[in-house]
Amino acid sequence: MPLHGQLSSYSDTINIKEVVISRKRLNSYTAGFKKVTIDSSVLLNHNHGTLADLLEDNSTIFIKSYGLGGTALPSFRGTGSNHTQIAWNDININHPMLGQSDLSLIPVGFIDDIDIYYGGASMGLNSGGIGGIINLKTKPVWKKETLISVNPGIGSYGKYSGLVKVKSGNNHFQSVTKAFLQSSENDFSYLNSDVSSEPVWEKRLNSQVRQRGFIQELYFRKTKKILSARLWYQSAYRNLPSSMLSQQINSGEKQFDESLRTMLNYNLDRGRFDYFLTGSWMLNRLNYTNQLASIDSRNLSEALVIKTGLGSRLGESITLKVILNEEVNVIKSNNYKQNETRNNASITASAERNGNNRVSAMILIREIFDNNVLLIPDFSAGFQFRLIDAKEYFLKANISRNSKIPTMNDLFWLPGGNSELLNEYAFIYELSYDMKQKISPGFDVHYNLSVFRNTIKDMIQWHPGEYSYWTSDNIQNVNSTGLESSLSVDYRLNKISSEFIAGYSYTKATTVSSYNNNDIHIGKQLMYVPENQVNASLRMNNHNLYFSWVSNLVGRRYITVDNSGYLPHYFLNNITSGFKFNLRGNSLDINFTVNNLFGVNYQTIAYYPLPGRSYSIKILYIISK
Amino acid sequence: MKKMFIMASLYIAIVSCTKVSDDPAGSFLTGSGVFIINEGNFRWGNGSLSFYSYDSSKIYNDLFLNINDRPLGDVPNSMNIIDDKAYIVVNNSGKIEVINLNTLESIKTINGLISPRNISFVNNNKAYVTSMYSDSVAIINLLDNSISDYINLRRSSEAVIISANKAFISNWIGGNEVMVVNVENNEVIDSIEVGQEPESMILDKNNKLWVLCNGGWTRDYYAELDVINTLTNSIEKTFVFPNKQTSPLCLRIDGNGETLYYLESGVRQMNIDASDLPSAPLISESEHYFYNLAINPVSSDIFITDAVDYSQQGYVLYYKKDGTLISIQEAGIIPGFMSFKLNDNFQVE
């Protein structure tokens, strides 16, 4: 869903003019593809929330959540959570053991912009994002200024949060420091009608979360060169609640997640060509304990990623690029027989004709070396036709082949990991119409309609093996077909600005074949993939006052493979309202949010309740020097 | 206001569009048949109760949900019947559902159990409930269906068999012992070292306790079938399975206490006086995935569950005692433990 509006509640106080996005040219891979940006104004309203909350409100990516504080996983265009890649400034940060990211662990306050690459568009960034890639970006504002923002918040269910940001520098140097703390009891009440003949109110227990994080970014700019260094640390202690059906004494399930991510980046833009080199080292610790079941699972993974690319422009509109990517993973887990490593490298070459031409096109080819095994090359091709000269009316079409290598758990988990697994691969087709129209000064309309089809081959699934435990295998072929439609309207008049966004998606995701020929779920909708999703938001800003209303309708999700059982649709509404003052060059902003305004009782994972109406209040004080 | 909340709750409640019984009066429940405990998937809460009726030769599914308007729970594991009550042990919900055997209406839910697995009735007043993750066996007072006490075994427990004034309780996961408890005073009086991971046990007509030890999932040990003298608490005989990859399960016995059955690449049949383990199965597994087994104590009919792929509805395969297939019918997800309800007039065909 396009979220390109420029509505900013803070346009009076923070003048964001000179923004440089690293490697903009090398990754300006859009001819014929779908990419959507969630900008900083939308992020600001969620800066104490998680990436899961943000995407739930502002995209049609379905989030499967085990409840407040619990794991939240994305389902993108009907694919599984390990087909959605989360990237941080273009580098894949999915957990190498699980091949997925828990979106409940990513605080929105640490992110400046989010780019969502749909389907084949993800090929321009990395491989393996069959559903798509969500790229979390942090970026400098080149301005001689010091901004200190202090942002405490308090909310329902014992939630206390605080975010502090310090940005300082000039036109050549910028330092950005962010720190985040959150503590939440998550002890909301819910009506349980599944454990006795009469529904009973119960309180969610063992659901506490303590989270903290820190980011330091340093940027140096000299003429056409930018050097940056980033460090991101965060940890989360979580108690994991049991299902509504479990009446047993607290099982003592806990999880500790800790990650340290570092990144060095050099970027050179010489006009005719541009070049980048990025090195990233990441450490992830995931410890899970279940006192009752005597499980003490300790997992440590390290990833070293080196990515470099060269782009060259031929004339005004043709760009040639070559990108090399090298990733080494080292896993230490007491669930593996021994420490395991993986070396994965790829080379990508692409050519793009873009600019203001009527016809734009892009072609990309990628070769992956997975532990020295050469995979069948992937490719991507996009075509874009401007319907009317100088108008923003486009027809787009693209086709891609995208490979996803197995996760380390698929390969090495004991018992059941299968080191003989093949990579999954998918053919992705997409056709879209994109229209941007300026109706009058201050009145803009953007409409997009896309249809897509993914055919995933050799999909990995865990299934019962010979010796009473499950094992992983390439056993399924899955198709997902769908439609996405979105409309956004921006209207500005004097000091009033408003933005209305509406989106609809239809997704039909089915298994087309499996190892079991009599499989009754062939042709049935995959579990937990809603066929229909609608969301809409209205954001208004009048001088010092602002208001937003976000609605989200999610259709039926099947919870059995034969589609005989399902969770019914739900309709959520969240509102935020606030006002801001200018205090001698500084600013004070106070806002109030009501989530789940109508107190809808709902679940995204069966028997894991989600909270009813909740409230939060946040204060943002920005000192500007 | 409360009504409104209840309505709202019903509105959002998980809707399960399962087949409604074509016998709405539930008359099949008055006849003889087999209850099937469908485990469902761990943490998905889709466990259920089915019943195969000898009268109609049909399986009726989702009975607990349809009759009590709520799901059975997360991973129901076993069931046992005493008089006109059935006790369904729901493992990951930590509870026992006590239901009326003839109407299946809930009588009481016994909560607060830790990972319960199996229930065995000591007498009309008392039952023992084993536990996978705690060190204690819970004692249930059958008069008011409450937990009255615990027996500390200092290890987890699985199968439980009562013989005379003793309870024999196996220490399955990671264990290799059968604990002996005096049922009069609920005290541990002995322990018997057996093979690795004693998974299931039965008592034969001579009051010998047969213990099937499946060797553990790591396949570091050979599976064993041990025979214990229940008077002396000592092993009299041991059958060792031929290789470490063999992982037998679900030891059962016929109503005469003479013929043993278990799952191992099909259904194996063995006389209690046999000198060797059976070399070939009575019923081969072929394209099925045999998951559990039950033997009709009167007719020796063989019922086997097929878990298929552990995600879709499984099947119950019904064979005559000679291995002749009678029917294959759909049950719930991961059909497991089965328990016979046989009326006095049940006849062997």
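Residues numbered from 1 in each chain as written. Chains lettered and ligands numbered in written order. Predicted model: local features only at pLDDT ≥ 70, side-chain atom pairs only at ≥ 80, totals over all residues.

## Digging into the overall build of chain A
Step number 1: Along chain A, the regular secondary structure elements total three helices and 36 strands.
Step number 2: In summary, chain A has a C-alpha radius of gyration of 24 Å against a globular reference of 25 Å for 625 residues, a match within 12%.
Step number 3: On the principal axes, the C-alpha backbone points of chain A span a range of 65 × 55 × 45 Å.
Step number 4: Residues classed as buried in chain A amount to 49% of the 625 residues present.
Step number 5: When contacts within chain A are restricted to residue pairs at least 6 apart in sequence, those whose partners lie at least 24 apart make up 63%. (Helix = DSSP H or I, 4+ residues; strand = E, 2+ residues; numbered from the N terminus. Rg over C-alpha atoms; globule rule 2.2 N^0.38 Å. Buried ≥ 20, exposed ≤ 12 C-beta atoms within 10 Å, placed from the backbone. Contact = placed C-beta atoms within 7 Å.)

## Overview of the overall build of chain B
Step number 1: Regarding its fold elements, chain B presents two helices and 28 strands.
Step number 2: For 349 residues, the compact-globule estimate of 2.2 N^0.38 gives 20 Å, and chain B sits close to it at 20 Å.
Step number 3: Counting only C-alpha atoms and orienting by the principal axes, one finds that chain B spans roughly 65 × 45 × 40 Å.
Step number 4: Here chain B holds 349 residues, and the buried ones make up 48% of them.

## Focus: the sheet that holds strand S14 (residues 166-171) of chain B
Residues and elements named next belong to chain B.
Step number 1: Strand order in this open sheet of four strands is S13-S14-S15-S16, and the pairing throughout is antiparallel. Sheet topology places strand S13 (160-163) and strand S16 (187-193) at the edges, where each strand pairs with a single neighbour. Geometrically, the sheet is characterised by an average inter-axis angle of 25 degrees between neighbouring strands, direction not taken into account.
Step number 2: Both S14 and strand S15 (residues 177-182) contribute to a ladder of six bridges, which runs antiparallel. Looking across to S15, one finds that Ile169 is bridged to Met179. (Pairing = 2+ DSSP bridges. Axes fitted to C-alpha atoms, helices over the stretch in contact; angles between N-to-C directions.)

## As for the environment of Asn111 of chain B
Step number 1: One can find Asn111 of chain B in the loop between strand S8 (106-110) and strand S9 (116-121).
Step number 2: A C-alpha to C-alpha distance of 4.5 Å links Asn111 of chain B and Lys95 of chain B, two positions 16 residues apart in sequence.

## Section: the sheet that holds strand S20 (residues 234-240) of chain B
Residues and elements named next belong to chain B.
Step number 1: In spatial order, the strands read S17-S18-S19-S20; together these four strands make up an open sheet with antiparallel pairing. Each edge of the open sheet carries a strand with a single partner, namely strand S17 (198-203) and S20. Ignoring which end each strand starts from, the neighbouring axes of this sheet average 20 degrees apart.
Step number 2: Sheet topology note: the S17/strand S18 (residues 208-213) ladder contains five bridges and is antiparallel. Looking across to S18, one finds that Ile202 is bridged to Trp210.

## Structural notes on the nonpolar core
Step number 1: In this structure, Ile88 and Val129 of chain B are the most contacted members of the largest nonpolar core, which totals 88 residues.
Step number 2: If sequence neighbours within four positions are ignored, Val129 of chain B has contacts with Val89, Ile96, Leu113, Pro116, Ile119, Val137, Ala138 and Ile140 of chain B.
Step number 3: Ranked by size, the runner-up nonpolar core spans 78 residues in total, among them Leu55, Phe76, Met244 and Leu567 of chain A. (Core = buried A, V, L, I, M, F, W, Y, C linked by C-beta atoms within 7 Å.)

## Digging into helix H2 (residues 51-58) of chain A
Residue and element names in this part refer to chain A.
Step number 1: H2 sits mainly inside the fold: eight of its eight residues count as buried.
Step number 2: Taken as a whole, H2 has its buried residues at Leu51, Ala52, Asp53, Leu54, Leu55, Glu56, Asp57 and Asn58.
Step number 3: For H2, the elements touching its buried residues are strand S1 (35-38), helix H1 (40-45), strand S2 (62-65), strand S3 (72-75), strand S29 (545-554) and strand S32 (570-583).

## Topic: the pairing of strand S15 (residues 253-269) of chain A
Walk down a regular strand and you will see the side chains alternate between the two sheet faces.
All names here are of chain A.
Step number 1: Across 15 bridges, the pairing between strand S14 (residues 225-239) and S15 is antiparallel. Looking at the pairing, Ala236 lines up with Asp257 of S15.
Step number 2: With 17 bridges joining them, S15 and strand S16 (residues 273-290) adopt antiparallel strand pairing. When the sheet's bridge partners are listed, Thr262 is paired in S16 with Trp281.
Step number 3: The hairpin formed by S15 and S16 contains three residues between the paired strands, and Gly271 there has a positive phi angle of roughly 85 degrees.

## Digging into unusual backbone geometry
Step number 1: A cis amide bond links Leu414 of chain A with the next residue in sequence, Pro415 of chain A, at an omega value of 5 degrees.
Step number 2: Even without being a glycine, Asn186 of chain B presents a positive backbone phi close to 60 degrees.

## Notes on the confidence of the model for chain B
Step number 1: Taken over all residues, the pLDDT of chain B has a mean of 90, while the share at 70 or more is 92%.
Step number 2: Segment residues 1-21 of chain B is flagged for pLDDT under 50; beyond a separation of four residues in sequence, or across chains, it makes 32 contacts in the model. (pLDDT = per-residue confidence, 0-100.)

## So, the environment of Lys625 of chain A
Residues and elements named next belong to chain A.
Step number 1: Looking at the element boundaries, Lys625 is found in the segment after strand S36 (614-624).
Step number 2: Lys625 gets classed as exposed once you count the C-beta atoms within 10 Å, which come to 10.
Step number 3: When the C-alpha atoms of Lys625 and Ser168 are compared, they prove to be 9.1 Å apart, with 457 residues separating the residues in sequence.
Step number 4: Each residue touching Lys625, except ones within four places of it in the same chain, is listed here: Glu145 and Thr146.

## Regarding the pairing of S16 of chain B
Step number 1: Two strands pair when backbone bridges link them, and S15 of chain B and S16 of chain B are joined in this way by six bridges, in the antiparallel orientation. In the strand pairing of S16 of chain B, Asn182 of chain B is matched with Glu187 of chain B.

## Remarks on the confidence of the model for chain A
Step number 1: The predicted model of chain A averages 89 in pLDDT, with 93% of residues at 70 or higher.
Step number 2: Scored below 50 in pLDDT, residues 1-28 of chain A shows 72 contacts in the model against residues more than four places distant or in partner chains.

## Some remarks on the environment of Glu340 of chain A
Residues and elements named next belong to chain A.
Step number 1: Mapped onto the fold, Glu340 is located in strand S19 (residues 340-353).
Step number 2: Counting along the chain gives 68 residues from Glu340 to Met408, while the straight-line C-alpha distance between them is 8.2 Å.
Step number 3: Every residue in contact with Glu340, bar those within four places of it in the chain, is listed here: Ile331, Met408 and Phe412.

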